[in-house]
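# A closer look at the structure
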Amino acid sequence: MSLRLRTALSAALIALSCLLVPFGALAAWAAYGLADTGRYVRAMEPLAGDPAVQDALADTVGQGLARELHLTVAQPQLREAVRSFTGTDAFRAGWDQANRSTHGAVLRALHGEDTGPVTVDLAPVAASVKHQLAADHVALAQHIPVAHREVAVVPAGELAGMREGFRALEVAAFWLPSAAAVLAVAGIAVAACRRRAVTATALGTALGGALLGVAVAVGRHLTVADLPAEVSAAAAGAVYDALTATLRTVSWLLLALGLTVAGLARLTRYAGRARRVP
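Nothing here was measured: the structure is a model prediction, and the numbers come from that model.

## What to know about a nonpolar patch on the surface
A surface patch of nonpolar side chains, amounting to about 460 Å² of accessible area, comprises Y32, V171, F174 and W175. Looking at which element gives the most residues to the nonpolar patch, the answer is helix α7 (residues 159-190), with 3 residues. The residue Y32 is located in helix α1 (residues 3-34) in this model. Given the relative accessible area of 45%, Y32 is considered partly exposed.

## As for the pattern of salt bridges
Evaluation of the coordinates by the stated rule reveals 4 salt bridges. The partner of E164 in a salt bridge is R167, with the nearest N and O atoms 3.0 Å apart. Linking E164 with R167, this pair stays in helix α7, spanning 3 residues, or about one helical turn. Assessed through its relative accessible area of 41%, R167 is described here as partly exposed. With a shortest N-O distance of 4.0 Å, D241 and R248 are connected by a salt bridge. Judged by relative accessible area, which is 26%, D241 ranks as partly exposed. Accessibility expressed as a relative area gives 31% for R248, which makes it partly exposed. Linked through salt bridges whose partners overlap, the residues forming this network are R220, D241 and R248.

## A short note on the packing of α1 against helix α8 (residues 194-225)
Running from N to C, α1 and α8 point in directions that differ by 30 degrees, and their axes come no closer than 9 Å. One way to sum up the angle between α1 and α8 is to call them roughly parallel. Every pair of crossing elements has a handedness; the one defined by α1 and α8 is right-handed. Facing S10, I14, C18, P22 and A25 of α1, the residues of α8 in contact are A197, A200, T201, G204, T205, G208 and L212. When grouped by side-chain class, the residues that make up the contact of α1 with α8 number 7 nonpolar, 5 polar and no charged.

Rules used in this analysis
Residues numbered from 1 in each chain as written. Predicted model: local features only at pLDDT ≥ 70, side-chain atom pairs only at ≥ 80, totals over all residues. Heavy atoms only, no water. Patch = residues over 30% accessible without salt bridge, like charges linked within 9 Å, V, L, I, M, F, W, Y side chains within 5 Å. Areas by Shrake-Rupley, 256 points an atom, 1.4 Å probe, with all protein chains shown as cover. Salt bridge = Lys/Arg side-chain N within 4 Å of Asp/Glu carboxyl O. Helix = DSSP H or I, 4+ residues; strand = E, 2+ residues; numbered from the N terminus. Buried < 20%, exposed > 50% of the residue type's maximum accessible area, 1.4 Å probe, protein only. Axes fitted to C-alpha atoms, helices over the stretch in contact; angles between N-to-C directions. Parallel < 35°, antiparallel > 145°, perpendicular 65-115°, else oblique. Left-handed = near helix turned anticlockwise from the far one by under 90°. Contact = heavy atoms within 4.5 Å. Nonpolar A, V, L, I, M, F, W, Y, C, P; charged D, E, K, R; others polar.

From the geometry alone we can't say anything about function, so treat these as descriptive.
Right under this line is the structure:
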């Protein structure tokens, strides 16, 4: 193989490898991070103490209770009582349990174990709120219904498309990172100058990490900007940040690793030249 052909082939393999890096990281994060119930619950756990999330829940639950009690306007005491409830240990325990149950139900549906819509029973939440309001001597507390009420999280009509997308994501989460690694090794192996190929691969990996970080930031902006007026942007931003924390860490690690390897390759080049100088 000629020197020019080896150089061109190496450049193409390394470029393709670096292009796959951010996509592989994104697919792996979604398939192995978001799809793991334990990791999901741990990511969401700190949000139980986030003021923006607590305020949004207080507004939403307060308005819901007002509708259940047939009030035209949610009374301030309802909202404040619910807000007070969000600071209790009972709320934090219920928050974790609700996230675990909802995530587990979604996963079972995505794996085809459940064929109906994904629903959540609000009765335990209503019972906890009623108990807290009664302890705070809210006059309307005894009238709050705690009957079982299933709320659809994912409609049945959307499950088929979500299952197909989830299967494709699981495949991509394995093959994209694997292909990126194989292409990088092949590109370095066929290169005429392997030190230069290593440097190019490292810099490309760093660039991929930087692009991944930019994509996460742009995704946050678009997510918060497209919310309906009644949805708290601060609470949605807090949820987005919690779910993408691992992805942001990966982007910084890729950037740091790539720059470090590129710097070391550069240093070894200078060291080699110094040894050759008499």
